[in-house]
Amino acid sequence: MATKAAHDLSKLPSVITLKGVNKWFGQFQVLTNIDLDVKEGEKIVVCGPSGSGKSTLIRCINRLEEHQQGDIIVDGVTLSNDVKNIEAIRREVGMVFQSFNLFPHLTILENLTLAPIWVKKTPKKEAEEIAMSLLKRVRIPEQALKYPGQLSGGQQQRVAIARALCMRPKIMLFDEPTSALDPEMVKEVLDVMIELAGEGMTMICVTHEMGFARAVADRVIFMDRGEIVEQNEPEEFFANPKNERTKLFLGQILRHQ
Amino acid sequence: MTDVLPRPQVAPPVIDTGVVGWARKNLFSSWANGITSLVLMFALGWVLLWFIDWALLTATFTADSGAECRGHGACWALIHEKYRYIFFGSFPYQQHWRPLFAVITMLSMLLLSSDRRMWNTRLIWIWSIGSFITFLLMFGVLHFSITFFLVVALVAGGIGYAIRSVIAQKAELYAYYAAMGIGLVGLVLRMLGILPTFGVTIAPLSYVETGLWGGIPVTIILATYGLAFAFPYGVLLALGRRSHLPLIKGLCVGFIELIRGVPLISLLIMASVMLPLFLPSGTSIDKFLRAQVAVILFAGAYIAEIIRGGLQSLPKGQFEAADAMGLNYVQKTSLVVLPQALRVVIPPLINTFIGFFKDTSLVLIIGIFDFLNTANQALVDPKWAGFPGEVYLFAAFVYFCFCFSMSRYSKHLEVELNKGTRR
Ligand SMILES: Nc1ncnc2c1ncn2[C@@H]1O[C@H](COP(=O)(O)OP(=O)(O)OP(=O)(O)O)[C@@H](O)[C@H]1O
Ligand SMILES: [Mg+2]
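Residues numbered from 1 in each chain as written. Chains lettered and ligands numbered in written order. Predicted model: local features only at pLDDT ≥ 70, side-chain atom pairs only at ≥ 80, totals over all residues. Heavy atoms only, no water.

Caption draft 1: Spatial organisation of the site of ligand 1. Residue and element names in this part refer to chain A. Neighbouring ligand 1 are F25, F28, V30, P49, S50, G51, S52, G53, K54, S55, T56 and E176. Between S52 and ligand 1, the recorded distance is 3.2 Å, taken from a backbone N or O atom to an oxygen atom. In this structure, E176 approaches ligand 1 through a side-chain N or O atom, which is 3.1 Å from an oxygen atom. Considering ligand 1 on its own, with 630 Å² of exposed area, one finds that the protein chains cover 60% of that surface. Among the elements of the structure, strand 2 (28–39) and helix 1 (54–61) are those that each provide at least two residues to the shell around ligand 1. With 3 residues, helix 1 is the single largest residue contributor to the shell around ligand 1. Classifying every residue of the shell around ligand 1 by side-chain character gives 4 nonpolar, 6 polar and 2 charged. (Near = heavy atom within 4 Å. Polar contact = N/O pair within 3.5 Å; in protein donor to acceptor, adjacent residues only side chain to side chain. Areas by Shrake-Rupley, 256 points an atom, 1.4 Å probe, with all protein chains shown as cover. Helix = DSSP H or I, 4+ residues; strand = E, 2+ residues; numbered from the N terminus. Nonpolar A, V, L, I, M, F, W, Y, C, P; charged D, E, K, R; others polar.)

Structure below.
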């Protein structure tokens, strides 16, 4: 696929940096010494067994979860308890959830224009134009006036992606965007994501869709028990996993695919 | 393996159409069902006939005293004689048109606010003008002191700013700052005694003090303003109860539990007996106002708990999605959380409203005569003694009209608000 970046990423500026990040839920350590550096335009796929802390990791990046130790720097801003910082970062970071989380009391169009109007203070008309152009991009402009409950899962997830894009984010986080979908709807969502990757968006995507990882990822990260166990370019990662745990995990999921 | 061969399709028998078909299907589908239906229909018919006979055929509609009614059916003459007192209490008899128009004003105000198309700034106008007319009619004389205007400026500026701060243009925000500033400075000056008392008095009619108010306007005023203030207050309490700030949370929990643990009667008595003890001597707060405040506090605690239920029913993902978009707390709450939470709690909320509409009768305990209590008073007249049934039936009928329309409105609102959001 031509979307993959063939160039050297190391010269580009970092947009996300995690340094020695640790996080606990009560006594239970979910993240252990996470170091991660994401370059502008880089696409990262995060995989790993259930409960390994993948969601927690990406949710720390837009501070849906608070980390207790270490530094997280997003777009030059160090995350702290300062509300202004958090709001500034959330404007730059879009997130797509496993369960879509559209607002059921608002139409699709209203879902899309909510944040631009209230957070960015975009005039309503302009926000609606942006929203419609994004709905065209995810190929469901005709659903604009319906409510989320009237759409299929795949359509809802595409709306959720469009909703995140409405804020013109620098970074997109995806937390298992296709795992709540019926198999026949997975492709329509992945196609949208692949297209987005082709446009140079910085993406961190938790997913077990290895086809997607092969097609777009610059780097695949394997997490287990709160640690980054192994990371590599997709070809290397899938062909020659080095760590035993990675081998075991890949063995399990590849058998099922 | 079971038989999976396709069976020939047979059309259902066509007896369940028309009245006969319906009755055969629903009332006489079996012997037991048929007998039950017959017995119940017979009983119903008998009660209905008896009631028609009592309430219409042998009833007395006009009479000079209760004595003429005896030996006949219902004594509607009593209602005919007393209805003005039952409706308007001790309000000066010649002036009864005033509470009548006050009630009409309030009902139109409520009717207008029940239309969803009015749920914007128009509501402020509807309620300001409606309340002004209502209280002008009821009091006859309205005195607006400078303090009142200052408080209004402060509150209006504060609310306007809170709601619009994130979206309004600069000029609009400056207007809110100005209103708040004028209100605050004025109030401080007023308290320091620098600003003299003066006010505007509007006195087109003779003054009628709240002690003379009674009947249906009292019930409607207590319930309407009680709930109108208790609702936003209950929303704030419910939100406060979920706050992460321990002090706010503690205060809200403490308040809700305290109020819910006490009967309304004792709250009313406290408001009427104990509150004056705490106030500096010489100052007095109107009895009616005290009852109104007690109703607001009480209803607020109940409404808060209902709304909390709605808040809890929202999936966590809704909060997270709103957070991830960068909405701040006020935006998240007012645009995403409350609209959904309130939809869920419409039925229990209206249920509480209906309960409070009737519970306002407890204000009798501190000597205020609402509709049920004026009806009760009408029975005291020795000339008309002995017909409680008629009066209570009449009162019940009036209450039923109000409560039933609230119940229907709740149903309508539920359907209206869920339009399109369900598959
Ligand atoms: N709010 C929380 N409180 C306590 N423990 C939590 C909380 N959220 C997650 N955990 C625990 O932290 C661990 C990591 O959770 P996380 O959701 O990040 O895993 P994951 O890798 O995303 O798993 P999955 O593939 O199942 O989504 C799990 O063991 C989970 O039980
Ligand atoms: Mg997860």
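Caption draft 2: Layout of the pattern of salt bridges. Residue and element names in this part refer to chain A. Taken as a whole, this structure holds 25 salt bridges over all chains when the rule is applied. Across the salt bridge formed by R63 and E66, the nearest N and O atoms sit 3.9 Å from each other. Residue classification places R63 among the buried positions, given a relative accessible area of 9%. When its relative accessible area of 44% is taken as the criterion, E66 is described as partly exposed. (Salt bridge = Lys/Arg side-chain N within 4 Å of Asp/Glu carboxyl O. Buried < 20%, exposed > 50% of the residue type's maximum accessible area, 1.4 Å probe, protein only.)

Caption draft 3: A look at a nonpolar patch on the surface. All names here are of chain B. Together, I269, M270, V273, M274, L275, L277, F278, I285, L289, V293 and I365 make up a nonpolar patch on the protein surface, roughly 980 Å² of accessible area in all. Of all the elements in the fold, those that place two or more residues in the nonpolar patch are helix 10 (264–278) and helix 11 (287–312). Tallying contributions element by element places helix 10 first for the nonpolar patch, with 7 residues. Relative to the helices and strands, L277 resides in helix 10. (Patch = residues over 30% accessible without salt bridge, like charges linked within 9 Å, V, L, I, M, F, W, Y side chains within 5 Å.)

Caption draft 4: View of the sheet that holds strand 3 (residues 43–47) of chain A. Residues and elements named next belong to chain A. Sheet architecture is open: 6 strands sit in the order 6-7-8-3-9-10, paired in mixed fashion. The strands lining the two open edges of the sheet, one partner per strand, are strand 6 (93–96) and strand 10 (227–232). Along the sheet, successive strands turn relative to each other by an average axial angle of 20°, direction set aside. Packing of helix 2 (residues 83–92) onto the sheet brings it into contact with strand 6 and strand 7 (171–175), and relative to strand 6 it is tilted by some 65°. (Pairing = 2+ DSSP bridges. Axes fitted to C-alpha atoms, helices over the stretch in contact; angles between N-to-C directions. Contact = heavy atoms within 4.5 Å.)

Caption draft 5: Structural context of the sheet that holds strand 5 (residues 77–78) of chain A. All names here are of chain A. A sheet is described by the order of its strands in space; here 4 strands give the open sequence 2-1-4-5, paired in antiparallel fashion. Where the open sheet ends on each side, the last strands, each with one partner, are strand 2 and strand 5. Bridging between strand 4 (residues 69–74) and strand 5 involves 2 bridges; their strand directions are antiparallel. Paired with V74 across the bridge in strand 5 is V77. Against the sheet, helix 1 makes contact with strand 1 (14–25), strand 2 and strand 4, and its axis sits at roughly 125° relative to strand 1, the strand it touches most.

The values reported here are purely geometric and, on their own, carry no functional implication.
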